[in-house]
Amino acid sequence: MGDLFLVRHGETEWSRSGRHTGWTDVPLTEHGREEARRLVPLIRSHRIGAAFVSPSQRARETAELVGLHEVRVDADLREWDYGGYEGVTTPEIQRTRPGWFLFTDGVAPGPTDHPGESPDEVGERADRVLAKADAALANTEGAVVLVAHGHFLRVLTARRLGLSASHGALFQLATGTVSRLGTEHGRPVIAGWNVRPGS
């Protein structure tokens, strides 16, 4: 099992303000673009065998800015479908649902085309992405890069480590960072987390 590099897209206006951003295609801010550009040395210092990216423009632009040009767009890498909580912040939700927590409570139902996802449904998508990443690792030399979103990548990390999707709550993930999932004695481990140049 080779290394997986997880790149969270750069800052957007909604990520800066804490608004849940699932299907809404909010672009990177200029600061978010700069966050992505700063990751170039971290990506170039490794041999990359394959790269996958979420279909959202914020992820695709991040992939381009970090120097990943041959990427496969994969709908399974999209962010959590927040249903009725799209565009809403956690403090706003907790005004009517005190103690609400995304990773255990899920979301309120949304419109027909975006009904929302439970933690386990996000975990199922993460498992599919991990299967595709493992297939790429088996057929290429070098690491596999996944460019996606904060909550989704946290769930994916939990699943890689053999934990339930709700354990993604344990892994805080900032915008414009690289994290590395590797192995030790044949078992998956976190080899680097929330890394930026100079950190």
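Preceding this section is the structure that the text describes.
Thresholds applied
- Residues numbered from 1 in each chain as written.
- Predicted model: local features only at pLDDT ≥ 70, side-chain atom pairs only at ≥ 80, totals over all residues.
- Heavy atoms only, no water.
- Core = buried A, V, L, I, M, F, W, Y, C linked by side-chain atoms within 4.5 Å.
- Buried < 20%, exposed > 50% of the residue type's maximum accessible area, 1.4 Å probe, protein only.
- Helix = DSSP H or I, 4+ residues; strand = E, 2+ residues; numbered from the N terminus.
- Pairing = 2+ DSSP bridges.
- Contact = heavy atoms within 4.5 Å.
- Axes fitted to C-alpha atoms, helices over the stretch in contact; angles between N-to-C directions.
- Parallel < 35°, antiparallel > 145°, perpendicular 65-115°, else oblique.
- Left-handed = near helix turned anticlockwise from the far one by under 90°.
- Nonpolar A, V, L, I, M, F, W, Y, C, P; charged D, E, K, R; others polar.

Looking at the nonpolar core
Across soluble globular proteins, you tend to see nonpolar side chains buried next to one another. With 31 residues, the main nonpolar core has Leu 4, Trp 80, Val 144, Leu 146, Phe 152 and Leu 156 as its most contacted residues. If one sorts the elements of this core by residue count, helix H7 (residues 119–139) sits on top with 7 residues. Grouped together as the second largest cluster of nonpolar side chains are 15 residues, Leu 39, Ala 59, Val 66 and Val 178 included.

A short note on the pairing of strand S6 (residues 187–195)
As defined by bridge partners, strand S5 (residues 177–184) adjoins S6 across 6 bridges and the pair is classed as antiparallel. Following the sheet pairing, Glu 184 is matched in S6 by Arg 187. In this antiparallel pair of consecutive strands, S5 and S6, the connection spans 2 residues, and His 185 shows a positive phi of 55°.

With respect to the environment of Gly 106
Its location among the elements puts Gly 106 in the loop between helix H6 (102–105) and H7. Sequence separation between Gly 106 and Tyr 82 is 24 residues, and the spatial gap between their C-alpha atoms is 8.0 Å. Look past the residues within four positions of Gly 106 in its chain and what remains in contact with it is Tyr 85, Trp 100, Phe 101 and Pro 119.

Notes on the packing of H7 against helix H8 (residues 150–160)
Running from N to C, H7 and H8 cross one another at 70°; their axes reach a closest spacing of 9 Å. As the angle between them shows, H7 and H8 are arranged roughly perpendicular. With respect to the hand of their crossing, H7 and H8 are arranged in right-handed fashion. Seen from H7, the contacting residues are Val 122, Gly 123, Arg 125, Ala 126, Asp 127, Val 129, Leu 130, Asp 134 and Leu 137; seen from H8, they are Phe 152, Val 155, Leu 156, Arg 159 and Arg 160. Looking at side-chain class alone, the contact of H7 with H8 contains 8 nonpolar, 1 polar and 5 charged residues.

Purely spatial values, then, with no claim about function.
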